[in-house]
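Observations on the three-dimensional arrangement
One letter stands for each residue in the lines below.
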Amino acid sequence: MGPLIQNNMAAFFKSRHRWKRTSCFTILTRNLTGKYDYDLVVIGGGSGGLACSKEAAQLGQKVAVLDYVEPSAKGTKWGLGGTCVNVGCIPKKLMHQAALLGTAVKDARKYGWKIKDPVSHDWETMAEAVQNHVRSLNWGHRVQLKDKKVKYLNLKGSLLDEHTVRGMTKSGKESFLTAKNIVIATGGRPKYPTDIPGAMEHGITSDDIFWLKEAPGKTLVVGASYVALECAGFLTGIGQDTKVMVRSIALRGFDQQMAGLVTDHMQAYGTRFAWGCVPQRVDKLPSGALQVTWADTRTGKEETDSFDSVLWAVGRAPEAKALGLDKVGVEVNRETGKIVVGADESTSVSNIYAFGDIGEGRPELTPTAVKAGRLLARRLAGQSTQLMDYDNVATTVFTPLEYSCVGLSEEEAVGRHGQDAIEVYHAFYKPLEFTVAERDASQCYIKVVCERGGEQRILGLHYTGPNAGEVMQGFSLALRCGATLSHLKETVGIHPTCAEELTKVSITKRSGLDATVTGC
Amino acid sequence: MSLYEEVKVHGYAEFCKAVSDRKGKDIFAYFSGNVIKMTTSEPTVRGEISHLPEGSVFIYCQVGQRDYWKNPNNDFKKTLKLSGVPTLLRYGTPQKLVEEECFKANLVRMMFTED
């Protein structure tokens, strides 16, 4: 029996005639949990919301999760699971794999495989396979929720007051749920530019690209975020004529030297880049093609070209407008629109929490949302006090030449510690597999950013090359354990791999020496 | 009580014929092997059968003898992608319940009643 029940029972006994213990207890517990329909209501059935609700249910809480997908401007919609499962990580990685296989097929000839020219790609086959896998994940989540006794409601959730959630159907029918605690994990959606005529009417976003029934054809990708570059990357890889239009820099927020290697590789492999260009309008031609007019800020000239598809990847906006947050007093960051959250995912309202992409200052990543969600559930159930650690989270950009990193970028390290207090070890290496395939490895590179003095603690690791995510995962554990440069250098590499090059770094940027790795 | 059609078939060929004869219908298929453990989930599935949507079809399919099932190249595994028996699936959709999942009434009911 919890302390709360014991105290109430004691008070009850003092002020009333003695009742039989068992009937007393039943009535009291019914009153305590009967005050609200649920212990926890989660708004948002994505990576974070599902992890949180399942964990809470497993800890004995009565939980409901509301998930609702507002169709995209093009009408695309999807099932349970959120962005990652339906229009993010999963379909992205599968299409990236499709593109990599295209390159592998070409390399295969050098390894002796007799493959007839030309090798072509069929969008419909890939899209159907990817979409079927996504649908099986939607179903898998439905089964898990049911099995773990989480009530799933396909309703658009919003706050009525701090203990009441309103659920609305597509047709506008309302229902209400009361909850002791409410968690908001509604994530975000791609932004459309507001000042470009024809942008929404004729363009698509990442919400649509994975669900297209036909290949997008000659595509203009506007933006240089990882979403833009990953999409442009796999489109090029499967044979679509692709151009990326960048206003200023690529991969804002990431180490810029590494970002340059990523885009250099993409340009060398056939993606066209329009640097310093800003789209002005999109018009539909009688042929059905899209005419895009843009300003080249470098030449001052206006340019125009036609495309089959225009993909906007200019940032993501939080799904917070329709939640009724201001009415209930949940504070939102004016600039970003995201919910202001504390280290424990709390909001300005004591029993309302928010995490995942919707939280201000949080990484927009699935694994952090999942972990934060589980820890939050444990804290709400009184099972733990552990907070989410958002530091040293490894990530990977799945561009044709993949880029993974953990810790600080070189710029961040210099900014925090000063140029003189950091040392950067680096190496240009060549994956063994590229040799026979006669592939250019100019952008395959490793960078170890560490403190210059003392133990030379590692501050950041950066890698461009094949299987970047697989390479970096183990090293992120090392950073978590406070790895120093000598730990790294004492580690014996696995041979022959690309990952071993991380253990062999010895040339510093400061020395100015050639950082190209020679053979064994 | 909802009106559904129940069909009993043996083997892959009979299963395919039963499906092709009923194009356009909502088909639920329960695949069972000739092994003792199969009979324990049947009552669960049978218990929820009244929840089948109206006009749907319930195909009860015996996959065959143990040796046939053990062969990884049998048609059920290769073409229908069944990974184990019993399996309850909604034909043409990714909705599937495998082995222990078939013993759970709430999961079976979810497949029969929810979209």
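Residues numbered from 1 in each chain as written. Chains lettered and ligands numbered in written order. Predicted model: local features only at pLDDT ≥ 70, side-chain atom pairs only at ≥ 80, totals over all residues. Heavy atoms only, no water.

Looking up chain B in an unreviewed UniProt entry gives the name Thioredoxin domain-containing protein 17, with the organism given as Gadus morhua. UniProt lists a comment for chain B under the heading Sequence similarities (unreviewed entry), and it reads "Belongs to the thioredoxin family." (UniProt positions renumbered as here; feature names shortened; annotations may be inferred.)

Looking at an unreviewed UniProt entry, one finds chain A named thioredoxin-disulfide reductase (NADPH) and attributed to Gadus morhua. Entered under Sequence similarities (unreviewed entry) in the UniProt record, the comment concerning chain A runs "Belongs to the class-I pyridine nucleotide-disulfide oxidoreductase family."

1. Some points on the packing of aromatic side chains
Residue and element names in this part refer to chain A. For the structure shown, the criterion picks out twelve aromatic pairs over all chains. Centroid distance F273 to W275: 5.2 Å. Interplanar angle 15°. Geometry classified as stacked. For F273, a relative accessible area of 13% corresponds to the buried category. Residue W275 is classed as partly exposed on the basis of its relative accessible area, which comes to 23%. Between the aromatic rings of Y429 and Y463, the centroid separation amounts to 5.8 Å while the plane-to-plane angle is 25°, which identifies the pairing as stacked. Note that Y429 is positioned in the loop between β19 (422–428) and α14 (432–436) and Y463 in strand β21 (residues 458–464), a separation of 34 residues in sequence. A relative accessible area of 0% places Y463 in the buried class. (Phe/Tyr/Trp six-rings, centres within 6.5 Å; stacked < 30°, edge-to-face > 60°. Buried < 20%, exposed > 50% of the residue type's maximum accessible area, 1.4 Å probe, protein only. Helix = DSSP H or I, 4+ residues; strand = E, 2+ residues; numbered from the N terminus.)

2. Focus: empty space enclosed by the protein
Residue and element names in this part refer to chain A. A full pass over the atoms with the stated rule returns one cavity of 30 Å³ or more. A volume near 40 Å³ is recorded for the largest cavity. Lining the largest cavity are G187, G188, R316, A317, P318, K338, D357 and E364. For the lining of the largest cavity, the leading source of residues is strand β15 (residues 316–318), giving three residues. Residues of the lining of the largest cavity, tallied by class, amount to two nonpolar, two polar and four charged. (1 Å grid on protein atoms, 1.4 Å probe; cavity = no way out; pocket = protein on both sides within 12 Å on 5 of 7 lines; lining within 4 Å. Points joined across faces, edges and corners; volume = space filled by probe spheres on them. Nonpolar A, V, L, I, M, F, W, Y, C, P; charged D, E, K, R; others polar.)

3. Observations concerning a nonpolar patch on the surface
All names here are of chain A. The grouping of Y111, W113 and V436 at the surface amounts to a nonpolar patch, some 360 Å² of accessible area in total. For W113, the location among the structural elements is in the loop between α5 (89–110) and α6 (123–147). The class of W113 is exposed, set by a relative accessible area of 60%. (Patch = residues over 30% accessible without salt bridge, like charges linked within 9 Å, V, L, I, M, F, W, Y side chains within 5 Å. Areas by Shrake-Rupley, 256 points an atom, 1.4 Å probe, with all protein chains shown as cover. Salt bridge = Lys/Arg side-chain N within 4 Å of Asp/Glu carboxyl O.)

4. A short note on the pairing of strand β1 (residues 38–43) of chain A
Residues and elements named next belong to chain A. Burial runs high along β1: six of the six residues are buried. Inspection of the sheet shows β1 paired to strand β6 (residues 174–184) by five bridges, in the parallel sense. Counterpart to L40 in the pairing with β6 is N181. Direction of pairing for β1 relative to strand β2 (residues 63–66): parallel, over a ladder of four bridges. Residue pairing in the sheet places V42 in a bridge with V65 of β2. Handedness of the crossover joining β1 and β2 through helix α3 (residues 47–58) is recorded here as right-handed. (Pairing = 2+ DSSP bridges. Right-handed = clockwise from strand over helix to strand, strands pointing away.)

5. Brief notes about the sheet that holds strand β2 (residues 27–32) of chain B
All names here are of chain B. If you walk across this open sheet you meet the five strands as β1-β3-β2-β4-β5, and the pairing is mixed. Every other strand in the sheet has two partners, leaving β1 (5–10) and β5 (96–98) as the edge strands with one partner each. This sheet shows a mean twist of 15° between the axes of neighbouring strands, independent of strand direction. Bridge analysis of β2 against strand β4 (residues 87–90) gives four bridges, and the strand direction is antiparallel. (Axes fitted to C-alpha atoms, helices over the stretch in contact; angles between N-to-C directions.)

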